[in-house]
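Next come the chains, spelled out residue by residue.
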Amino acid sequence: MPQNCDFKANERYEFEMQYGSIGWSVGATLGYAQAVKNKRVISCIGDGSFQVTAQDVSTMILCGQTSIIFLINNGGYTIEVEIHDGPYNVIRNWNYTAFVDAIHNGEGNCWTAKVSCEEELVEAIKTAMGPMKDCLCFIEVIVHKDDTSKEWLEWGSRVSAANSRPPNPQ
């Protein structure tokens, strides 16, 4: 996260462990935000995961939620490629901000932005935390399909090795 952004370091977080439930994050954001109406939920959601349950954004808008969703658009399941490559890891690239704008349809309180560099991201975060703090904010972050850390790639290789071993007889 860029250094100029004012997020509190002592907040709770939830995450899906080891990509075992692709699509978990959108519904989890909806439910979590309903449970903690006095807080603002911030989610980082991959494009592939979002495609599974994108319609939940409609309910978020209907309920007046003020979450900030960072949609990480890398054109597919990058970590899954490291675990087990195949054509099923390539997804159709949506215009995610236009999709959320269509769901919003001028009804409710929603703001969208599409960013592709750090400066744009910083500005979008400032807007989400400032003038748009009372609405659902959806920020599509465009990244290269292979933009990931060395540690993440190593983790994918370890999961792949574990997944490809024969079952442990009991």
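No experiment lies behind these values; they were computed from the predicted model shown.

**Student:** What exactly am I supposed to notice about the pairing of strand β4 (residues 136-142) here?
**Tutor:** Taken residue by residue, a regular strand's side chains alternate between the two faces of the sheet. When you tally the buried positions in β4, you get six out of seven residues, the bulk of the element. Summarising the sheet, strand β2 (residues 68-73) and β4 pair through six bridges and their orientation is parallel. When the bridges of β4 are listed, Ile-68 appears paired with Cys-137. What joins strand β3 (residues 110-115) to β4 is helix α6 (residues 118-129), and the crossover it makes is right-handed.

**Student:** What am I meant to see in α6 here?
**Tutor:** Residues spaced three or four apart along an α-helix face the same direction, because each turn holds 3.6 residues. Across its 12 residues, α6 extends 16 Å between first and last C-alpha, which sits within 8% of the 16 Å expected from 1.5 Å per residue. Burial in α6 covers these residues: Leu-121, Val-122, Ala-124, Ile-125 and Ala-128. Along α6, the residues classed as buried sweep out an arc of 165° about the axis, all on the same side. Residues of α6 that are buried make contact with β2, β3 and β4.

Cut-off values and rules
Residues numbered from 1 in each chain as written. Predicted model: local features only at pLDDT ≥ 70, side-chain atom pairs only at ≥ 80, totals over all residues. Heavy atoms only, no water. Buried < 20%, exposed > 50% of the residue type's maximum accessible area, 1.4 Å probe, protein only. Helix = DSSP H or I, 4+ residues; strand = E, 2+ residues; numbered from the N terminus. Pairing = 2+ DSSP bridges. Right-handed = clockwise from strand over helix to strand, strands pointing away. Expected span 1.5 Å × (residues − 1). Arc of directions from axis to C-beta. Contact = heavy atoms within 4.5 Å.

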